[in-house]
Amino acid sequence: MATPNGLARIETHGKKKHENGVCHDDSAAPVRAQTIDELHALQRKRSAPTTPIKDGAASPFAAALSEEERHRQQLQSISASLASLTRETGPKVVKGDPARKGEAAAKGAPATPQKHHQHHHPAAPTIAVSDSSLKFTHVLYNLSPAELYEQAIKYEKGSFITSTGALATLSGAKTGRSPRDKRVVKDEAAAQELWWGKGSPNIEMDEHTFLTNRERAVDYLNSLDKVFVNDQFLNWDPENRIKVRIISARAYHSLFMHNMCIRPTDEELESFGTPDFTIYNAGQFPCNRYTHYMTSSTSVDINLARREMVILGTQYAGEMKKGLFGVMHYLMPKRGILSLHSGCNMGKDGDVALFFGLSGTGKTTLSTDHNRLLIGDDEHCWSDNGVSNIEGGCYAKCIDLSQEKEPDIWNAIKFGTVLENVVFDEHTREVDYTDKSVTENTRAAYPIEYIPNAKIPCVGPHPKNVILLACDAFGVLPPVSKLNLAQTMYHFISGYTALVAGTEDGIKEPQATFSACFGAAFIMLHPTKYAAMLAEKMQKYGATGWLVNTGWSGGRYGVGKRIRLPYTRKIIDAIHSGELLTANYKKTEVFGLEIPTEIDGVPSEILDPINTWTDKAAYKETLLRLAGLFKKNFEVFASYKIGNDSSLTDEILAAGPNF
């Protein structure tokens, strides 16, 4: 039918479908929502457990407690973690983003106090009432990467999504760890158990000062409208894992720890209970510089008795990762488990190798082998069950990163990955990994499953080989040496490599660097204790120690040449295959190292360093110089005794250079 102006009348009612099969429009029923908040609530459904319940049976915990009771206990636990020492109870906490009140209510977690939900919250404080005790603290609990992206992009300046989907963030003024501002409470137990004094990374503080800083951090966190809470695990060995709780103010920190710690399933969270260790990250707020033991506005404090860590004045996320590693260096040896700063991989036949090495030695390159499964790249435990990764992720350096040199790391930088302090194109968001404008210490934190050949779960049998890597810029250490147990302990405690640094007159020469146990900044006990545990486990489970030089041959830096990477890979392959166990050996002078006379695919003349030096006198002079540096470094360990017995130390000393 036509309208008066001649145009066809618009039909507002859908036509019925004719019998000939001609379709009408794709109209649908209206949405089942009365408000826009209800519509948004319909958009997101509740997550299903990530681990299916076997045989259709509910877990024992689920059978014993209702969802409401679990929710109440979880909030009570978080409130207890945030409790001030001057009030009888913790703050009133409620789950959900305060900016999304309708969403919080839809999830069954009210954003504001409601009478019929009062049982979800602790009683009001009865002493030292403050403004923070009169409000609710919203808890963003174990958010997913997508949710944390939203929080970071919306509320944290400097957060961007890069062209590959990673979250680029800034860590503020601090772009690395602050070892001089790290403190450990020296109580009666710690005074006896920990390594103190010259050479130790442990700087003391007293209990009162720790509690002062803890109160400052907790008060800051409680003053916020919302805090992020991560409940996660350390150590893939289920018998020896540690429950950790991280309370932070930034989505960046929450996502970083989501990636770096082991991620629990929904079922594991139901029975998580009280954490074994808690981090209070108030890094956006400074410490009081007038507080005793404080030397700057930054303070990273660990109290082993309270199982707590407080961070003030630094937003660098690596402080949390390495702080927990230090805690594991204390807790695990008490269980007879050796904690190690190492890479770890496993061959197809189940042969496991540990790789130790400081920066520049090739630890990452050599432990990343597409023919072998990666158990982990940085932190491990060796127990009677075998080896296990402590972490759930990787924290890779990004400076000068390229797809050709490090394809696995390159491909891991995608959605869910945190990129720290990188520079990117303002339009395309493509990262320039060569740009050091913010810092040279650019980093990527991603879950370990982003590596294609990662072994999940990250556990393996007892190691067959323990490989100590050194980049010897003096050019006098052999490309590979087989070590006895005493030599393994000596070189493990030494933790040697040599860096090339500029001198005042512009000439570059090698500088020896020693880091006890290849991770002196993180160990808690005396290095000899870790070395003794390493030797004991190697002897018990039949592992062989190796010293591999990835540095120079034919002269020191500037004279000789760096040992070719293909040769080093052939050496590592020969270690993995067992070829070097049956090789012929001869002993070197001064260091007394056993070196093979022949390795398939490696020129025999480079296996003994003296053969590659044209100036034999210069070789001997340089060899003695390096030996002297080893002896001088070891002086700090020479007087250590286990009880009143110095026999172990004497045995280790005898395994060092003799001249």
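Predicted model, so just to flag it, every value in this text is computed and none were measured. (Residues numbered from 1 in each chain as written. Predicted model: local features only at pLDDT ≥ 70, side-chain atom pairs only at ≥ 80, totals over all residues. Heavy atoms only, no water.)

## Regarding the overall build of the chain
Part 1: Looking only at helices and strands, the chain has 17 helices and 32 strands in total.
Part 2: Burial analysis of the chain (659 residues in total) assigns 53% to the buried set.
Part 3: A separation of at least 24 residues holds for 73% of the contacts in the chain among residues at least 6 apart in sequence.
Part 4: Surface exposure of the chain reaches about 30600 Å², of which carbon and sulfur atoms provide 51%. (Helix = DSSP H or I, 4+ residues; strand = E, 2+ residues; numbered from the N terminus. Buried < 20%, exposed > 50% of the residue type's maximum accessible area, 1.4 Å probe, protein only. Contact = heavy atoms within 4.5 Å. Areas by Shrake-Rupley, 256 points an atom, 1.4 Å probe, with all protein chains shown as cover.)

## Quick look at the nonpolar core
Part 1: Counting 155 residues, the largest nonpolar core has Leu194, Leu221, Trp382, Leu419, Phe492 and Phe591 as the members making the most contacts within it.
Part 2: Per-element accounting of this core gives the leading share, 8 residues, to helix 10 (residues 318-334).
Part 3: Taken domain by domain, the makeup of this core includes at least three residues from each of domain 1 (144-337 + 383-459) and domain 2 (462-655). (Core = buried A, V, L, I, M, F, W, Y, C linked by side-chain atoms within 4.5 Å. Domains from an automatic or database assignment.)

## Details of the sheet that holds strand 6 (residues 204-205)
Part 1: Ordered in space as 1-2-7-8-9-11-10-5-6, the 9 strands form an open sheet in which the pairing is mixed. A strand with exactly one partner marks an edge of an open sheet, and here the two such strands are strand 1 (92-95) and strand 6.
Part 2: Bridge analysis of strand 10 (residues 299-303) against strand 11 (residues 308-312) gives 5 bridges, and the strand direction is antiparallel. Looking at strand 11, one finds that Asp301 is bridged to Val310.
Part 3: Lying over the sheet, helix 8 (residues 251-260) contacts strand 7 (226-234), strand 8 (242-248) and strand 9 (277-282), oriented at roughly 10° with respect to strand 7. (Pairing = 2+ DSSP bridges. Axes fitted to C-alpha atoms, helices over the stretch in contact; angles between N-to-C directions.)

## Looking at the packing of aromatic side chains
Part 1: According to the stated counting rule, one finds 21 aromatic pairs in the structure shown.
Part 2: Grouped by ring-pair contacts, the aromatic residues Trp195, Tyr490, Tyr496, Phe514, Phe591, Phe630, Phe634 and Phe637 constitute a single cluster.
Part 3: The aromatic ring of Phe522 is capped on one face by Lys322, whose charged end is 4.4 Å from the ring centroid. (Phe/Tyr/Trp six-rings, centres within 6.5 Å; stacked < 30°, edge-to-face > 60°. Lys NZ or Arg CZ within 6 Å of the ring centre and 35° of its normal.)

## Some thoughts on the packing of helix 5 (residues 145-155) against helix 8
Part 1: At a minimum axis distance of 9 Å, the contact between helix 5 and helix 8 shows a crossing angle of 155°. Viewed along their axes, helix 5 and helix 8 adopt a mutual orientation that is roughly antiparallel. Of the two elements, helix 5 crosses helix 8, and the hand of that crossing is left-handed. Across from Pro145, Leu148, Tyr149, Gln151 and Ala152 in helix 5, the residues of helix 8 making contact are Ala251, Ser254, Leu255 and His258. (Parallel < 35°, antiparallel > 145°, perpendicular 65-115°, else oblique. Left-handed = near helix turned anticlockwise from the far one by under 90°.)

## Digging into the sheet that holds strand 12 (residues 338-341)
Part 1: Across the sheet, which stays open at both edges, the 4 strands sit in the order 12-16-17-23 with antiparallel pairing between neighbours. Both outer strands of the open sheet, strand 12 and strand 23 (459-460), are each paired with one neighbouring strand and no more.
Part 2: The pairing of strand 12 with strand 16 (residues 379-383) spans 4 bridges and is antiparallel. Bridge pairing links Leu338 to Trp382 in strand 16.

## With respect to helix 16 (residues 616-634)
Part 1: The end-to-end C-alpha distance of helix 16 is 27 Å, a good match for the 27 Å that 19 residues give at a rise of 1.5 Å each.
Part 2: The opening residue of helix 16, the one whose side-chain oxygen lies 3.3 Å from the backbone nitrogen of Ala617, is Asp615. (Expected span 1.5 Å × (residues − 1). Polar contact = N/O pair within 3.5 Å; in protein donor to acceptor, adjacent residues only side chain to side chain.)

## Section: the pairing of strand 17 (residues 386-389)
Part 1: Bridge count for strand 16 against strand 17 is 4 bridges, and the pairing is antiparallel. Directly across from Ser383, in strand 17, lies its bridge partner Gly386.
Part 2: Remark: 2 residues form the turn of the hairpin made by strand 16 and strand 17, two consecutive strands paired antiparallel.
Part 3: Here strand 17 pairs with strand 23 via 2 bridges, running antiparallel. Across the sheet, the residue bridging to Val387 is Gly460, located in strand 23.

## Focus: the pairing of strand 10
Part 1: Most of strand 10 is tucked away: 5 of the 5 residues are buried.
Part 2: Neither face of strand 10 is open: one carries Ser299, Asp301 and Asn303, the other Val300 and Ile302, and all of them are buried.
Part 3: Relative to strand 10, strand 5 (residues 182-185) runs parallel, the two being bridged by 3 bridges. Each residue of the ladder has a partner; that of Lys182, found in strand 10, is Val300.
Part 4: Between the antiparallel neighbours strand 10 and strand 11 lie 4 residues, among them Arg307 with a positive phi of about 60°.

## Topic: helix 15 (residues 565-577)
Along an α-helix, residues three or four apart share an orientation, since each turn contains 3.6 residues.
Part 1: A rise of 1.5 Å per residue sets the reference length of helix 15, with its 13 residues, at 18 Å; its end C-alpha atoms lie 18 Å apart and thus fit the reference within 8%.
Part 2: For helix 15, every residue scored as buried is listed here: Thr568, Ile571, Ile572, Ala574, Ile575 and His576.
Part 3: On its buried face, helix 15 sits against strand 13 (343-346), strand 14 (352-356), helix 11 (363-367), strand 24 (463-470), strand 25 (480-483) and strand 28 (544-549).
Part 4: Among the residues trailing helix 15, Gly578 stands out with phi positive, at a value near 90°.

## A few points about the pattern of salt bridges
Part 1: Taken as a whole and assessed by the stated rule, the structure comprises 20 salt bridges.
Part 2: A salt bridge links Arg245 to Asp231; the nearest nitrogen and oxygen atoms lie 2.8 Å apart. Residue Arg245 is found in strand 8, and its partner Asp231 is found in strand 7; the two are separated by 14 residues along the sequence.
Part 3: Note that Glu308 and Arg306 form a salt bridge whose closest N and O atoms lie 2.9 Å from each other.
Part 4: Its relative accessible area of 30% is what places Arg306 among the partly exposed residues.
Part 5: Through salt bridges with shared partners, a single ionic network connects Lys321, Lys322, Lys363, Asp378, Glu379 and Glu391. (Salt bridge = Lys/Arg side-chain N within 4 Å of Asp/Glu carboxyl O.)

## A word on the packing of helix 13 (residues 485-494) against helix 14 (residues 527-541)
Part 1: Where helix 13 contacts helix 14, the two axes come as close as 9 Å, and the packing angle between them is 145°. Where helix 13 crosses over helix 14, the two elements pack in a sense that is right-handed. Every residue of helix 14 that contacts helix 13 at Leu485, Thr488, Met489, Phe492 and Ile493 is listed here: Pro527, Thr528, Tyr530, Ala531, Ala532, Leu534, Ala535, Met538 and Gln539.

## Quick notes on the environment of Gly172
Part 1: Along the chain, Gly172 falls in the loop between strand 4 (167-169) and strand 5.
Part 2: For the pair Gly172 and Gly158, spaced 14 residues apart in sequence, the C-alpha to C-alpha distance is 9.5 Å.

## Describing the environment of Leu629
Part 1: By the element assignment, Leu629 lies in helix 16.
Part 2: Classification of Leu629 by relative accessible area gives partly exposed; the value is 28%.

What is shown is where atoms sit, not what they do.
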